[in-house]
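The residues making up each chain are set out below.
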Amino acid sequence: MANWTQFGLQDASSPLMEELIYFHDYTLIILTLITILVFYGLASLLFSTNTNRFFLEGQTLETVWTILPAIILIFIALPSLQLLYLMDEVNNPFLTIKAIGHQWYWSYEYADYRELEFDSYMIPTSDLISGNPRLLEVDNRLILPSQTPIRVLVSSSDVLHSWAVPSLGIKMDAVPGRLNQVNFFISRPGLFYGQCSEICGANHSFMPIVIEAVNFSTFENWISTFLNE
């Protein structure tokens, strides 16, 4: 979960988010070098009175500064495409969840288990207990096993929503009448917070997402307890 003094991305909790952070840092280095080069050129033009007559019309120079940006774009595009295909890859998910957006709460269905579904509402500030984050805690968390391939089918019952959990590298739009798919792998147990990332109405920021990742034996016990209630 993000904190007040945090300027960078959240700690990665999935292999996909790790790759996204690596690509972000890689691209940022390239952009930093380009920015330094451009500002150096501008400073040279502003503070230098020398004029090179061979640069007034230089086809070689124009060729270089046309080809060089193209090469830089290729070095950015190749890992970007690799990551894009990695995000769309489906690796035989062990568990399938259906997340449906409503105004303004989420409902979850465990497709592999009958009658295992519930709604997840934000807990009002007046009902929070000590240690729960305001505007992020919910009454029913989405319990998922760690170290397991998971698929989430995202849809909406009314307007556009977006199911997003930053630390897992997940952001998928919930569109009425359409099923979108997102796959992820949680690396470690823990609590992972997110929010609706689409402007779906006046209270769109009040429909948080909380994933509680547990080990597989704990997940099986929770399933048995839930179904026997």
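Sequence positions are assigned chain by chain, starting from 1 and proceeding in written order. With the structure being a predicted model, the display of local features is reserved for residues of pLDDT at least 70 and the display and counting of side-chain atom pairs for 80 or more, all residues being used for whole-chain, interface and lining totals. The side-chain figures draw on all heavy atoms in the structure; neither hydrogens nor water molecules are used.

Draft legend 1. Representation of the layout of surface pockets within the structure. Here the term cavity refers to a set of points on a 1 Å grid, laid over the protein atoms alone, in which a 1.4 Å probe fits but cannot get out; the term pocket refers to an open set having protein on both sides within 12 Å along at least five of seven lines, with lining residues being those that place an atom within 4 Å of a point. Grid points are joined across faces, edges and corners, and a volume is the space filled by probe spheres set on the points. The calculated volume of the second largest pocket comes to roughly 410 Å³. In this structure, the second largest pocket is lined by 16 residues; those nearest its centre are Met1, Ala2, Arg134, Leu136 and Gln195. Element by element, the count of residues in the lining of the second largest pocket is highest for strand 9 (residues 190-196), at three residues. Of the residues that constitute the lining of the second largest pocket, the class distribution is nine nonpolar, six polar and one charged. Every helix listed is a DSSP run of H or I at least four residues long, and every strand listed is a run of E at least two residues long, numbered separately from the N terminus. Throughout this entry, Asp, Glu, Lys and Arg are counted as charged residues, while Ala, Val, Leu, Ile, Met, Phe, Trp, Tyr, Cys and Pro are counted as nonpolar. The remaining residues, Gly among them, count as polar.

Draft legend 2. Fine view of the sheet that holds strand 8 (residues 180-185). DSSP bridges decide pairing: two strands pair if at least two such bridges lie between them. Taken in spatial order, the five strands of this open sheet run 3-2-1-5-8, and their pairing is mixed. Across the chains shown, the open sheet's two edge strands, defined by having one partner strand only, are strand 3 (117-120) and strand 8. For this sheet, the mean angle separating the axes of adjacent strands, direction not counted, is 25°. Direction of pairing for strand 5 (residues 149-156) relative to strand 8: antiparallel, over a ladder of six bridges. When the sheet's bridge partners are listed, Val154 is paired in strand 8 with Asn180. Contacts were defined at the residue level, with two residues in contact if any of their heavy atoms lie within 4.5 Å. A fitted line through C-alpha atoms represents every axis, and for helices the fit uses only the stretch in contact; the resulting angles, taken between N-to-C directions, go from 0 to 180 degrees. Across the sheet, helix 3 (residues 216-228) lies against strand 1 (95-102), strand 2 (105-110) and strand 3, angled at about 100° from strand 3, the strand it touches most.

Draft legend 3. Geometry of the nonpolar core. In plain words, nonpolar cores are sets of buried Ala, Val, Leu, Ile, Met, Phe, Trp, Tyr and Cys residues tied together by side-chain atoms within 4.5 Å. Relative accessibility decides the category of a residue: with a 1.4 Å probe and only protein chains considered, values under 20% of the type maximum give buried, values over 50% give exposed, and everything between is partly exposed. Counting residues in hydrophobic clusters, the biggest one holds 32 residues, and the most contacted among them are Trp163 and Ile211. Look past the residues within four positions of Ile211 in its chain and what remains in contact with it is Leu142, Leu144, Trp163, Val165, Leu168, Ile186, Gly190, Leu191 and Phe192.

Draft legend 4. Broad picture of the side chain of Ser146. Following the sequence through the fold, Ser146 ends up in the loop between strand 4 (142-145) and strand 5. Assessed through its relative accessible area of 9%, Ser146 is described here as buried. Non-local contacts of Ser146, meaning those with residues more than four positions away in its chain, are made with Ile186, Arg188, Pro189, Ala213, Val214 and Asn215.

Draft legend 5. Just the domain arrangement of the protein chain, in detail. Each assigned domain of the protein chain is listed here: domain 1 (15-88) and domain 2 (95-228). Computed over C-alpha atoms, the centres of domain 1 and domain 2 are 39 Å apart. Summed over both partners, the interface of domain 1 with domain 2 comes to about 440 Å²; 54% of that surface belongs to carbon and sulfur atoms. Note: buried area is the sum, over both parts, of the accessible area (probe 1.4 Å) each one loses when the two are combined. Counting the surface domain 1 buries against domain 2, the share from its top three residues, Pro15, Leu16 and Met17, is 74%. Definition used for salt bridges: Asp or Glu carboxyl oxygen within 4 Å of a side-chain nitrogen of Lys or Arg. Seen at the junction of domain 1 and domain 2, the total is zero salt bridges. Within 3.5 Å is the distance limit for a polar contact, defined as a pair of N or O atoms, with the added protein rule that one can donate a hydrogen and the other accept it, and that residues adjacent in sequence qualify only through two side-chain atoms. At the junction of domain 1 and domain 2, the tally comes to zero residue pairs in polar contact (both at pLDDT 80 or more). Its residues assigned to classes, the side of domain 1 that touches domain 2 shows four nonpolar, no polar and no charged. For each domain, the first and last residues come from an automatic or database assignment.

Draft legend 6. Spatial organisation of the UniProt feature "transmembrane region" (unreviewed entry) in the protein chain. UniProt positions are given in the numbering used here, feature names are shortened, and annotations may be inferred rather than shown by experiment. In the numbering adopted here, UniProt assigns the feature "transmembrane region" (unreviewed entry) to residues 26-47 and 67-87. With 100% helix and 0% strand, residues 67-87 has its two end C-alpha atoms placed 30 Å apart.

Draft legend 7. Quick peek at the environment of Gln181. Looking at where Gln181 falls in the secondary structure, it is placed in strand 8. With relative accessibility at 33%, the residue Gln181 sits in the partly exposed group. For the pair Gln181 and Ala70, spaced 111 residues apart in the sequence, the C-alpha separation amounts to 33 Å. In contact with Gln181, other than residues within four places in its own chain, are Val90, Arg151, Val152, Leu153 and Met172.

Draft legend 8. The arrangement of a nonpolar patch on the surface in detail. Each patch is built from residues lacking any salt bridge and having more than 30% relative accessible area; the joining distance is 9 Å for like charges and 5 Å for nonpolar side chains (Val, Leu, Ile, Met, Phe, Trp, Tyr). In this description, accessible areas are obtained by the Shrake-Rupley approach with a 1.4 Å probe, and a residue is regarded as covered only by the protein chains that are shown. Taken together, the side chains of Leu28, Leu31, Ile34, Val38, Phe39, Leu42 and Leu45 make up a nonpolar region of the molecular surface, amounting to roughly 680 Å² of accessible area. By the element assignment, Leu42 lies in helix 1 (residues 15-47). Among the residues examined, Leu42 registers a relative accessible area of 43% and is labelled partly exposed.

Draft legend 9. How the structure looks around unusual backbone geometry. Residues Gln103 and Trp104 are joined by a peptide bond in cis, for which omega reads -5°. Following the sequence through the fold, Trp104 ends up in the loop between strand 1 and strand 2. Of note in the backbone geometry, Glu115 takes a positive phi value of approximately 60° without being a glycine. Position of Glu115 among the secondary structure elements: in the loop between strand 2 and strand 3. The phi dihedral of Leu135 falls on the positive side, at around 70°, and the residue is not glycine. By the secondary structure assignment, Leu135 is in the loop between strand 3 and strand 4.

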